[in-house]
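A structural walkthrough
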Amino acid sequence: MNDIQIGMSKRARRTYSLDEIALVPTRRTRDTNDVNVTWQIDAFAFDTPIIGAPMDSVMSPATAIALGKLGGLGVLNLEGLWTRYEDPQPLLDEITALDAEDAPAATRRMQQIYSEPIKAELITARLAEIRESGVIVAGSLTPQNTQEFYETVVKAGVDIFVIRGAAVSAQHVSTSREPLDLKKFIYELDVPVMVGGVTGYTPAMHLMRTGAAGVLVGFGGGAALTTRRGLGIQAAMATAISDVAAARSDYLDESGGRYVHVIADGSLGRSGDMVKALAMGADAVMIGAPLARALEAPGAGWYWGNEAHSKDFPRGVRTYQGTVGTLKEVLYGPSAHTDGSSNLVGALKRALATCGYTDLKSFQRIDVNFTPYVK
């Protein structure tokens, strides 16, 4: 470890962002037609390791269905507009039209819109809509709302359940409300659970011991999250993914062969970020901003995370990503963009082929260089 002396009483560990690393090709190359980027968690198999983040600007029931039919997994935010309003479209239109020059006013209006209570019957209806399409059904709740609504979610027939927050621990201590006992909760469910985010070895190991099928690495939110400015908290993703991948390996030995999937969630704005996240040890990526650029995205080119409308301490801003093509073009091309904003799967296959790998698991063994990022 490269410790740095901050002062006489404090040392810091040197960590690395995805921008600061680059892949090292091997002595051979491959044909992109021979590259396999399929991914499987529990009994559910996917053509790509791409998961649509549970954000209202990214995933609606319709876009979750579309992503599922294109070989990915769309996760619906079960605390979003689709479970608060029978017809959320007018509210989406209003949010995308809010004045970008007056961020406080926009935030206040979003807080008002999201103050509408979550309705259990709408959770059931939205998940049923996705299930009727024939794709794999996934929905997300934050830890604070899981206890209240998880029975509704399970009864609605969810295939994969996601518990996602800015930071999730296996041992949450509270004197004001009964904390969620993750180990007991996951044990009693009949569906695989992805849970996070975490950014280090020890909290990841604790989450793996709860029985989670997948652990989310990062705080999510990507470009729209302002946690460092507001709370002073940040984790460099390259190091975080590598640390959690090490926990996965150690837990595999500890548990006698139980494999927990590592899912990178945050700081993944372009195809190169996704490639490097998988190279650092992630099994799949949960992305928001890249999918927000699809023509079908409910945010119409705008991107905001769930933290942007927090009633107590909003930590995000709406950002305009623009649109680059249809969802199919964003995933599979053809692309007319040179910035990694479309043909994400094509970029992933080309990176593996160029570096000499034919599958994601072997790709995790690739060497990387430290390459300071220069704008």
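Before going into details, it helps to say that this report is about the structure given with it. Being a predicted model, the structure only gives us computed values, none of them experimental.

1. Observations concerning the packing of aromatic side chains
Under the criterion given, the structure shown has six aromatic pairs. With centroids separated by 5.9 Å and ring planes inclined at 50 degrees, the aromatic side chains of phenylalanine 161 and phenylalanine 185 adopt a geometry described as tilted. One end of the pair, phenylalanine 161, is in strand β9 (residues 160-164); the other, phenylalanine 185, is in helix α6 (residues 182-188), with 24 residues separating them in the sequence. Taken as a pair, phenylalanine 161 and phenylalanine 185 share a single burial class, namely buried. Through successive ring pairs, a cluster of aromatic residues spans Tyr150, Phe161 and Phe185. The ring centre of tryptophan 302 lies 4.4 Å from the NZ or CZ of arginine 318, which sits over that ring.

2. Here's the deal with the nonpolar core
In this structure, Leu18, Ile51, Phe161, Met194, Ile241, Val285 and Leu291 are the most contacted members of the largest nonpolar core, which totals 101 residues. Residues in contact with isoleucine 241, not counting those within four places in the same chain, are Leu18, Val217, Ala264, Ala277, Met280, Gly281 and Ala282. The next biggest cluster of nonpolar side chains, apart from the first, holds 14 residues, and it includes Trp82, Ile95, Tyr114 and Trp302.

3. Here's the deal with the packing of helix α7 (residues 201-208) against helix α9 (residues 237-254)
Describing two packed helices takes the angle between their axes plus the distance from one axis to the other. The N-to-C vectors of α7 and α9 enclose an angle of 40 degrees; their axes lie 8 Å apart at closest approach. Judged on the interaxial angle alone, α9 and α7 are oblique. In this structure, the crossing between α7 and α9 has a hand that is right-handed. Within the contact between the two elements, α7 uses Tyr201, Ala204, Met205 and Met208 and α9 uses Asp243, Val244, Ala246, Ala247, Arg248, Asp250, Tyr251 and Glu254. Looking at the contact of α7 with α9 residue by residue, the class counts come to eight nonpolar, no polar and four charged.

4. With respect to the environment of isoleucine 287
Looking at where isoleucine 287 falls in the secondary structure, it is placed in strand β13 (residues 284-287). Under the relative-accessibility criterion, isoleucine 287 is labelled buried at 0%. Each C-alpha atom of the pair isoleucine 287 and glycine 157 lies 24 Å from the other, and the pair is 130 residues apart in sequence. Leave out the neighbours within four places in its chain, and isoleucine 287 touches Ile50, Ile51, Gly52, Ala53, Val58, Leu268, Met274 and Leu344.

5. Quick notes on the pairing of strand β2 (residues 10-13)
Walk down a regular strand and you will see the side chains alternate between the two sheet faces. The sheet contact formed by strand β1 (residues 3-7) and β2 spans four bridges and is antiparallel. Note on β2: the bridge partner recorded for glutamine 5 is arginine 11. Between the end of β1 and the start of β2, which pair antiparallel, lie two residues.

6. Side note on a nonpolar patch on the surface
On the surface, a cluster of nonpolar side chains totalling about 260 Å² of accessible area is made up of Leu231, Ile233 and Phe313. On the secondary structure map, isoleucine 233 appears in the loop between α8 (227-231) and α9. Exposure remark for isoleucine 233: the relative accessible area of 40% places this residue in the partly exposed category.

7. Re the sheet that holds β13
One closed barrel accounts for eight strands, arranged β6-β7-β8-β9-β10-β11-β12-β13; its pairing is parallel. The mean inter-strand angle of the sheet, taken between neighbouring strand axes irrespective of direction, is 25 degrees. Of the pairings in the sheet, the one linking strand β6 (residues 50-52) to strand β7 (residues 73-77) comprises two bridges and is parallel in character. Counted as the bridge partner of glycine 52 is glycine 74 from β7.

8. Description of the side chain of arginine 164
Mapped onto the elements, arginine 164 comes out in strand β9. Judged by its relative accessible area of 8%, arginine 164 is buried.

9. A short note on the pattern of salt bridges
Enumeration over the complete set of coordinates arrives at eleven salt bridges. A salt bridge links arginine 13 to aspartate 243; the shortest N-O distance between them is 2.9 Å. Taken together, the residues span a long stretch of sequence, with arginine 13 in strand β2 and aspartate 243 in helix α9 at a distance of 230 residues. One salt bridge in this structure joins glutamate 20 and arginine 14, with 3.2 Å as the shortest N-O distance. We classify glutamate 20 as buried; its relative accessible area is 17%. Residue arginine 14 is classed as partly exposed on the basis of its relative accessible area of 26%.

Cut-offs and rules
Residues numbered from 1 in each chain as written. Predicted model: local features only at pLDDT ≥ 70, side-chain atom pairs only at ≥ 80, totals over all residues. Heavy atoms only, no water. Phe/Tyr/Trp six-rings, centres within 6.5 Å; stacked < 30°, edge-to-face > 60°. Helix = DSSP H or I, 4+ residues; strand = E, 2+ residues; numbered from the N terminus. Buried < 20%, exposed > 50% of the residue type's maximum accessible area, 1.4 Å probe, protein only. Lys NZ or Arg CZ within 6 Å of the ring centre and 35° of its normal. Core = buried A, V, L, I, M, F, W, Y, C linked by side-chain atoms within 4.5 Å. Contact = heavy atoms within 4.5 Å. Axes fitted to C-alpha atoms, helices over the stretch in contact; angles between N-to-C directions. Parallel < 35°, antiparallel > 145°, perpendicular 65-115°, else oblique. Left-handed = near helix turned anticlockwise from the far one by under 90°. Nonpolar A, V, L, I, M, F, W, Y, C, P; charged D, E, K, R; others polar. Pairing = 2+ DSSP bridges. Patch = residues over 30% accessible without salt bridge, like charges linked within 9 Å, V, L, I, M, F, W, Y side chains within 5 Å. Areas by Shrake-Rupley, 256 points an atom, 1.4 Å probe, with all protein chains shown as cover. Salt bridge = Lys/Arg side-chain N within 4 Å of Asp/Glu carboxyl O.

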